[in-house]
Amino acid sequence: MRHGRTTANATGLLAGRTPGVALDAHGRDQAARTGDRIAAVPVAGVVSSPLERCRETARAIVERQAVAPPSSVEEEITECDYGRWQGRRLDDLAKEDLWRTVQSHPSAVVFPGGESMTGMQARAVAAIRRHDAEIEAEHGPGAVWVAVSHGDIIKSVLADALGMHLDMFQRLEAGPASVSIVSYGAVSPRVLAINTDSGDLSWLAKGVHAGDAAVGGGAGAPAAEAAAPRIVT
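Keep in mind the model is a prediction, meaning the values are calculated, not measured.

Chemist: Describe the pattern of salt bridges, and please don't skip the residues or the numbers.
Modeler: Inspection of the entire model under this criterion finds eleven salt bridges. The network of salt bridges with shared partners includes Arg17, Glu115 and Arg123.

Structure, rendered in structure tokens:
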């Protein structure tokens, strides 16, 4: 899950790791609505980026669970270190030569005074896979957990799960408070959803089949679990 909208998002600033960037009123509403969606699924754990906007969003998930799951902070899924780009306006950054590289060839990008986008992806993917393995070892295959992070981090994790080169990750979207779902099976990951901001998630309550993909596409969730969305945003 991506954090809800922030004061920086609303004003067109690249917040990066700037401290004190919190959800705005709309972002708090978004986090609450997504927390309500996820409440239909007993989650085994909630792991958050250390930045305030993600910790706020994570609390909205934990508070809506019937039984509060363990929650923790993971430094490796924090926002990209944008270096000297941090805190600047996006419309100003779009005038710089590096902006075009970020859009078309992100694997070549090293932010001035910051980190590379390949380094960002490597640390985030490693952390997500590590937490997933730990959750599975403790709770069994199909256990569901939530990572609350940032747009570029989530897109880079999804690109890895899809087998996409990082240079194509800008084709993906991860809007504020959106939910994307990845199942890490024994053979390869399966991406079950990307950038959803509405719809029923109760089908996840029985866990996700971690075996091979069904030839022909399979039957999907049982009809009773594929009901109309409970929340419309």
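Chemist: Break down the packing of helix α6 (residues 117–139) against helix α7 (residues 151–162) for me, citing the residues and quoting the values.
Modeler: For the pair α6 and α7, interaxial distance at closest approach is 9 Å and the crossing angle is 75 degrees. Taken as axis vectors, α6 and α7 run roughly perpendicular relative to one another. Contacts between α6 and α7 involve Met117, Met120, Gln121, Arg123, Ala124, Val125, Ile128 and Arg129 from the former and Asp152, Ile153, Ser156, Val157, Ala159 and Asp160 from the latter. When grouped by side-chain class, the residues that make up the contact of α6 with α7 number eight nonpolar, two polar and four charged.

Chemist: Give a detailed account of the environment of Gly151, specifying residues and quantitative values.
Modeler: Its location among the elements puts Gly151 in helix α7. In this structure Gly151 comes out as buried when scored by relative accessible area, which is 12%. For Gly151 and Met1, which are 150 residues apart along the polypeptide, the C-alpha to C-alpha distance reads 9.1 Å. If sequence neighbours within four positions are ignored, Gly151 has contacts with Arg2 and Ala174.

Chemist: So what's going on with the pairing of strand β4 (residues 179–184)? Which residues, and what values?
Modeler: Among the six residues that make up β4, five are buried, leaving the element largely enclosed by the rest of the structure. Here β4 hands over to strand β5 (residues 189–196) after four residues, the two strands then running antiparallel side by side.

Chemist: Describe the packing of aromatic side chains, with residues and values.
Modeler: The final tally for this structure, using the stated rule, is three aromatic pairs. With a centroid separation of 5.0 Å and an interplanar angle of 85 degrees, the aromatic rings of Tyr82 and Phe111 are classed as edge-to-face. Of this pair, Tyr82 sits in the loop between β2 (71–73) and α4 (90–93) while Phe111 sits in the loop between α5 (97–104) and α6, placing them 29 residues apart in sequence. Between Trp85 and Phe111 the ring centres are 5.4 Å apart and the planes differ by 65 degrees, which places this aromatic pair in the edge-to-face class. Residue Trp85 is located in the loop between β2 and α4, and its partner Phe111 is located in the loop between α5 and α6; the two are separated by 26 residues in the primary sequence. A relative accessible area of 3% places Trp85 in the buried class.

Calculation notes
- Residues numbered from 1 in each chain as written.
- Predicted model: local features only at pLDDT ≥ 70, side-chain atom pairs only at ≥ 80, totals over all residues.
- Heavy atoms only, no water.
- Salt bridge = Lys/Arg side-chain N within 4 Å of Asp/Glu carboxyl O.
- Axes fitted to C-alpha atoms, helices over the stretch in contact; angles between N-to-C directions.
- Helix = DSSP H or I, 4+ residues; strand = E, 2+ residues; numbered from the N terminus.
- Parallel < 35°, antiparallel > 145°, perpendicular 65-115°, else oblique.
- Contact = heavy atoms within 4.5 Å.
- Nonpolar A, V, L, I, M, F, W, Y, C, P; charged D, E, K, R; others polar.
- Buried < 20%, exposed > 50% of the residue type's maximum accessible area, 1.4 Å probe, protein only.
- Pairing = 2+ DSSP bridges.
- Phe/Tyr/Trp six-rings, centres within 6.5 Å; stacked < 30°, edge-to-face > 60°.

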